[in-house]
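# Secondary and tertiary structure notes
For reference, the chains in residue letters:
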Amino acid sequence: MNGFLSMQAEFGMVAAIVVMLLADLILKRPNHKPLQALAVVLTLALTVLCLTEPAGEAFGGMYVNTSIASAVKAILTAGTLLVFTLAGRWLEREDTSYKAGEFYMLTLSTLFGMYLMVSSGSFLTFYIGLETASIPMACLVALDKWRRHSAEAGAKFILSSMFSSALMLYGVSMLYGTSGTAYFTDAAAMLAGTPLQIAAMVFFFAGLGFKISLVPFHAWTPDTYQGAPTPVTGYLSVVSKGAAAFALTAILMKVFGQMVENWSLLLGIVIVVTITVANLFAVLQKDMKRFMAYSSISQAGYLVLGTLAGSGQGMASLVYYLAVYVVANLAIFGIIGIVEQQTGRTDRDAYNGFYRTNPHLTFIMTLALFSLGGIPPFAGFFSKFFVFASAFHAGHWLVVFLALVNTIISLYYYLLVVKAMFITQTDSPAPAFKSPALARTGLVVCLAGILVLGICSGVYDWLTDLSMQF
Amino acid sequence: MEIHVIHYLVVSTVMLFCGIYGFFTRKNLLAILISVELMLNATNINFAVFNRYLFPDQLEGHFFSLFGIAVAAAETAVAIAIIINVYRNMKQILTDDITDLKG
């Protein structure tokens, strides 16, 4: 019975999904405003549930909750909360407002899958969680039913997601063949680094690499990010990626801990290629959503740099990086969404002279870009510093050096946007906007995160304490 | 001739790589979906065979196959719904012509 107490967030989530479904049926349409308020309240309650969730096991060890997993779940839920606050303008539109209930319900379903993924104790729970996260996600990507870009993005997403889970499952089947169990702890004891097990690890890594969009497996990312509705893109780029990255770290450390030389070499090469290729492509992009897609691929490279260390320190720095990345990226996607709804454009030229008409939005956007680029004293600098420190500590100095060089390239393209907003002259800058109160609150929370998370060192200490218990 | 693990594994490996080949070369979205199904079924064979021959006193692999089949069905349903929506928007489902998003 005690084990089920460690699932309080999961039970809360199921209740939240049901409440959302019933509310959508009961409330008279157009009901997007009350539904948004309800979704925000529910996710806020879920964040609290995640933070207070005790560590423990359930279902005979198929579900294992650790303190750091609870922290990750809380970060993911808080990210979803921010997405909900920023999605209001998009769901107001006449052709989407009747789908507001579906949007919140599908998003909560994907989050439920991520909960299972993050605190799974066997490959079966992990697989079910992964699929629960990615099937509703495909529906979300294709939610703008009458926009052909959205349909195309949805098709690309679901097919590559099926492909990647098939690869991953093939790896798991080999692992099962060699170890005779699908439980993480039992499998770890049976692994000795035989060729078949290395092949299994590579298949598994390739499958998850698709989800995190590391470079040889990133081809779907730009298209899907560009075609999906902007709030969904924001959600995809932080929450879904963060959950997969944490799960990869946990499994590599827990299950493949004996084979650390094998995977750290593989991971080191993939990280360097990911960051470099994504940066080079990001420089060329004109469309903001596509540009942010490449930026998020390169950020994923930095994120799994924490995995490379293979230690509690690495895990803490990964989770910290994730928290900082959530606030900065969601601020940018929030602003891209607002501009898209007002002007119908997502290209960078739409931001020329943005400073003159929308000084507040420009200010938030600039700080968020600085944070992504890693300029002190914003949170992004500290999170990059901690992942570099953890990887350096584990002896991967070459990877850290190449990642550092890439930080400078990334600054160039982040500053291109800042230049468009402040310096580029134009006769017709975007008109001044007035965002809904909830969206403004969301942006202010993001801004506070960017400013505070870095300076207040308690956050990192707290995460380190939690990951040492892992 | 008696059939051993290795025979099943050859079949499942061939299926997997046929699926991968089809995924990258087919031009029709439905054909791509079929290729992916081939890959998923290859993994199901693997799980069932490993369980039956190597660990006959357990059921874990069989359960994994069952879940694999159920989840693949859910995925296929969503994928076909999305492909129908692509067809409604663009009037065809050949990948050569669905190239609005690129760069």
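See the structure above.
Anyway, here's the lowdown on the structure attached to this text. (Residues numbered from 1 in each chain as written. Chains lettered and ligands numbered in written order. Predicted model: local features only at pLDDT ≥ 70, side-chain atom pairs only at ≥ 80, totals over all residues. Heavy atoms only, no water.)

## Observations regarding the packing of helix H15 (residues 312–343) of chain A against helix H20 (residues 437–455) of chain A
Residues and elements named next belong to chain A. Counted only if it meets this: Orientation is described by axes fitted as lines to C-alpha atoms, over the contacting stretch for helices, and by angles from 0 to 180 degrees between their N-to-C directions. Numbered from the N terminus, helices here are DSSP runs of H or I no shorter than four residues, and strands are runs of E no shorter than two. When describing relative orientation, an angle under 35 degrees is termed roughly parallel and one over 145 degrees roughly antiparallel, while 65 to 115 degrees is termed roughly perpendicular and anything else oblique. Put simply, a crossing is left-handed when the front helix is turned counterclockwise from the back one by less than a right angle, and right-handed when it is turned clockwise. Contacts are assigned to residue pairs with any non-hydrogen atoms lying within 4.5 Å of each other.
H20 packs onto H15 with a crossing angle of 150 degrees between their chain directions and a minimal axis gap of 9 Å. Between H15 and H20, the interaxial angle falls into the category roughly antiparallel. Handedness of the H15/H20 crossing: left-handed. Across from Tyr 320, Ala 323, Val 324, Val 327, Ala 328, Leu 330, Ala 331, Ile 335 and Ile 338 in H15, the residues of H20 making contact are Leu 443, Cys 446, Gly 449, Ile 450, Leu 453 and Gly 454.

## Some points on the interface of chain A and chain B
Put simply, the test is: Buried area: the accessible area, evaluated with a 1.4 Å probe, that two parts lose upon being put together, summed over both parts. Ten residue types, Ala, Val, Leu, Ile, Met, Phe, Trp, Tyr, Cys and Pro, are classed as nonpolar, four, Asp, Glu, Lys and Arg, as charged, and the remainder, Gly among them, as polar.
With 48 residues of chain A in contact, the opposing surface of chain B contributes 46 residues. In total, chain A and chain B occlude about 4,000 Å² of area from one another, counting both sides; carbon and sulfur atoms represent 72% of this. Considering every element that reaches the side of chain A that touches chain B, the biggest residue donor is helix H8 (residues 148–179) of chain A, with 25 residues. In terms of residue class, the side of chain A that touches chain B is made up of 27 nonpolar, 13 polar and eight charged.

## Re the packing of H15 of chain A against helix H21 (residues 458–468) of chain A
All names here are of chain A. The N-to-C vectors of H15 and H21 enclose an angle of 135 degrees; their axes lie 8 Å apart at closest approach. Relative to H21, H15 is oriented oblique. Of the two possible hands of crossing, H15 and H21 adopt the one that is right-handed. Contact residues: H15 offers Gly 312, Gln 313, Met 315, Ala 316, Ser 317, Val 319 and Tyr 320, while H21 offers Val 459, Tyr 460, Leu 463, Thr 464, Ser 467 and Met 468. In terms of residue class, the contact of H15 with H21 is made up of eight nonpolar, five polar and no charged.

## Some words on the side chain of Thr 407 of chain A
All names here are of chain A. The cut-off we apply is this: Definition of a polar contact: a pair of N or O atoms within 3.5 Å, with one able to donate and the other able to accept a hydrogen when the atoms are protein atoms, and with sequence-neighbouring residues admitted only if both atoms are side-chain atoms.
If you trace the backbone, Thr 407 turns up in helix H19 (residues 397–422). Polar contacts involving the side chain of Thr 407 include one to the main-chain carbonyl oxygen of Ala 403, which spans 2.9 Å. With sequence-adjacent residues up to four places away left out, Thr 407 is seen in contact with Tyr 302, Gly 373, Lys 384 and Phe 388.

## A look at the layout of surface pockets
Stated precisely, the cut-off is as follows: A pocket here means an open set of points on a 1 Å grid, computed over the protein atoms alone, that has protein on both sides within 12 Å along at least five of seven lines. A cavity is instead a set of points where a 1.4 Å probe fits but cannot get out; residues with an atom within 4 Å of a point line either one. Grid points are joined across faces, edges and corners, and a volume is the space filled by probe spheres set on the points.
Taken as a whole, the largest pocket encloses approximately 550 Å³ of empty space. In this structure, the largest pocket is lined by 22 residues; those nearest its centre are Lys 156 of chain A together with Phe 23, Phe 24, Ile 32 and Thr 95 of chain B. At the level of secondary structure, the elements contributing two or more residues to the lining of the largest pocket comprise H8 of chain A together with helix H1 (5–25) and helix H2 (29–54) of chain B. Among the elements that line the lining of the largest pocket, the one with the most residues is H8 of chain A, at six residues. At the level of secondary structure, the elements contributing two or more residues to the lining of the second largest pocket comprise helix H3 (32–51), helix H4 (67–86), H15, H20 and H21 of chain A. The dominant element in the lining of the second largest pocket, judged by the number of residues it contributes, is H4 of chain A, at seven residues. Grouping the constituent residues of the lining of the second largest pocket by class yields 15 nonpolar, three polar and no charged.

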